[in-house]
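# Residue-level structure breakdown
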Amino acid sequence: MRPVPTAELHLHIEGTLEPELIFALAERNGVELPYADIEELRRQYEFVDLQSFLNLYYSNMTVLQTERDFADMTRSYLTRAAAAGVRHAEIMMDPQAHLSRGVPLATCVNGVTAGLAGSEQEFGISTELIAAFLRDEPADEALAVLEELLAMNAPIIGIGLDSAEVGHPPSDFLALYERAHSAGLKCVAHAGEEGPPDYIRQALDLLEVDRVDHGIRCMEDEELVERLVAEQMPLTVCPLSNVRLRAVDTLAVHPLPGMLERGLNVCVNSDDPAYFGGYQDDNFARLQETFGFNTGQLVKLAENSVQSAFVTDERRRELLAEIEAWQNSGGADRP
Ligand code: HPA
Ligand code: ZN
């Protein structure tokens, strides 16, 4: 299928590190990996929950040491994302996960930024960068890193909140989000992936987020669903991620079709595609296969992503026109 043109709004750049690149970077940097080969590494990709994934995700980052490493990882993602139909990407990075390993902030920020430079010309993908903060690390550390990012004029459009959710509610990060808002940054936060619906409410009321990452557990709370529908709050859903991290049992019971039907502003994203079995096009293909989504439903999901993106009106019009052209030229029915 020709992939539908979309905006990818929920993507961790460190989660695009493919096993082949992990081994290549390890060799380049003289890092010894605890796996004999790529096959042994691949055998670790069996997750029982979010934490079991995060352990491997953080461990594999040890191969990222220089600006060039971050740039290479970023360009690999863009190359694959272009083939997946992504036309605009808002990319999260986890600065604290590198700082704690002794990698300076400038190395990861400048490396990813260098990888993104020229993306529009080379790949047809416009991009933005979001600094995500680790909710299982102290909130004052997050605030200090945000201050450093602001002081160095890092080219970020906003902030996010990720890592282990349960036990680390949005309410712990009030000061961080107040600072981000005052600096004119956009605000997103993971909520309702493993955590309860109340964390989604906290993200809305306390952090005043512009989007909720995941948000699938809103479906357990009818009043919250009504509010999210009324506000058309974007929810960046990641179907293959939810299956691999066992937030849902199987794709067949994923709440996405029900969320669409309720009129929630949902879009489809790949989260950590190197770990969860696929990129945007893989997510869409599996959804089509499992739920028989037609062109109209795919267009709605793609339009939601574009409507929820942090882009100019002009870029939004261009992206919507690309989706319309895809639909007019046969949509999902044309191979
Ligand atoms: N959830 C929470 N934190 C993360 C994820 C995720 O799926 N990926 C990278 N950090
Ligand atoms: Zn995520």
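Quick look at the structure, then. In this text, all values refer to a predicted model and were calculated from it rather than measured experimentally. (Residues numbered from 1 in each chain as written. Chains lettered and ligands numbered in written order. Predicted model: local features only at pLDDT ≥ 70, side-chain atom pairs only at ≥ 80, totals over all residues. Heavy atoms only, no water.)

## Here we look at the site of ligand 1
The environment of ligand 1 is formed by His 12, Leu 50, Phe 53, Leu 54, Tyr 57, Asp 162, Ser 163, His 190, Glu 193, His 214, Asp 271 and Asp 272. Take Asp 271: an N or O atom from its side chain is 2.8 Å from an oxygen atom of ligand 1. Isolated, ligand 1 exposes 260 Å² of accessible area, and the fraction of that covered by the protein chains is 100%. Among the elements that make up the shell around ligand 1, the one with the highest residue count is helix α3 (residues 50-60) (four residues). Along the lines of polarity and charge, the residues of the shell around ligand 1 split into four nonpolar, four polar and four charged. (Near = heavy atom within 4 Å. Polar contact = N/O pair within 3.5 Å; in protein donor to acceptor, adjacent residues only side chain to side chain. Areas by Shrake-Rupley, 256 points an atom, 1.4 Å probe, with all protein chains shown as cover. Helix = DSSP H or I, 4+ residues; strand = E, 2+ residues; numbered from the N terminus. Nonpolar A, V, L, I, M, F, W, Y, C, P; charged D, E, K, R; others polar.)

## Digging into the packing of aromatic side chains
Counted by the stated rule, this structure contains ten aromatic pairs. Arranged with centres 6.3 Å apart and planes meeting at 90 degrees, the rings of Phe 47 and Phe 276 form a pair that is edge-to-face. You can see Phe 47 sitting in the loop between α2 (38-42) and α3 and its partner Phe 276 sitting in helix α14 (residues 273-276), a full 229 residues away along the chain. Overall, the relative accessible area of 3% leaves Phe 47 in the buried class. You can call Phe 276 buried: its relative accessible area is 1%. Here the aromatic cluster, defined as three or more aromatic residues joined through ring pairs, consists of Tyr 45, Phe 47, Phe 53, Tyr 57, Tyr 58, Tyr 275 and Phe 276. Stacked on the ring of Phe 310, the Lys or Arg Arg 211 has its end atom at 4.0 Å from the ring centre. (Phe/Tyr/Trp six-rings, centres within 6.5 Å; stacked < 30°, edge-to-face > 60°. Buried < 20%, exposed > 50% of the residue type's maximum accessible area, 1.4 Å probe, protein only. Lys NZ or Arg CZ within 6 Å of the ring centre and 35° of its normal.)

## Here's the deal with the environment of Pro 19
Structurally, Pro 19 is set in helix α1 (residues 19-29). In this structure, the C-alpha to C-alpha distance between Pro 19 and Val 311, residues 292 residues apart in sequence, is 32 Å. When residues no more than four places from it in sequence are discounted, the contact partners of Pro 19 are Ile 38, Leu 41, Arg 42 and Tyr 45. (Contact = heavy atoms within 4.5 Å.)

## Here we look at the side chain of Arg 2
Note that Arg 2 resides in the segment before β1 (6-12). An unpaired buried charge is present at Arg 2: no salt bridge exists, and Asp 333, the closest side chain of opposite charge, is 8.6 Å distant. A polar side-chain atom of Arg 2 sits 2.9 Å from a polar atom in the side chain of Ser 329. Not counting residues within four places of it along the chain, the set of residues in contact with Arg 2 comprises Trp 326, Ser 329, Gly 330, Gly 331, Arg 334 and Pro 335. (Lys, Arg positive; Asp, Glu negative; His and termini not counted. Salt bridge = Lys/Arg side-chain N within 4 Å of Asp/Glu carboxyl O.)

## Some thoughts on the packing of helix α4 (residues 67-83) against helix α6 (residues 105-116)
Running from N to C, α4 and α6 cross one another at 35 degrees; their axes reach a closest spacing of 7 Å. The crossing of α4 and α6 is right-handed. On the side of α4, the interface is formed by Glu 67, Phe 70, Ala 71, Thr 74, Arg 75 and Leu 78, while α6 contributes Ala 106, Thr 107, Cys 108, Asn 110, Gly 111, Val 112, Ala 114, Gly 115 and Leu 116. For the contact of α4 with α6, the class distribution of residues is eight nonpolar, five polar and two charged. (Axes fitted to C-alpha atoms, helices over the stretch in contact; angles between N-to-C directions. Left-handed = near helix turned anticlockwise from the far one by under 90°.)

## A word on the coordination of the zinc ion (ligand 2)
Of the protein atoms, only His 10 (NE2), His 12 (NE2), His 190 (NE2) and Asp 271 (OD) coordinate the zinc ion (ligand 2), at distances of 2.0 to 2.2 Å. Classification of the site at the zinc ion (ligand 2) as irregular follows from its four donor atoms and the range of 83 to 175 degrees in their angles at the metal. Read in sequence order, the donor residues for the zinc ion (ligand 2) give the motif H-x1-H-x177-H-x80-D. For the residue pair His 10 and His 12, the accessibility class agrees, reading buried in each case. (Donors = N, O, S within 2.8 Å, 3.2 Å for Na, K, Ca; no water. Tetrahedral: all angles 85-135°; square planar, octahedral: opposite > 155°, others 65-115°.)

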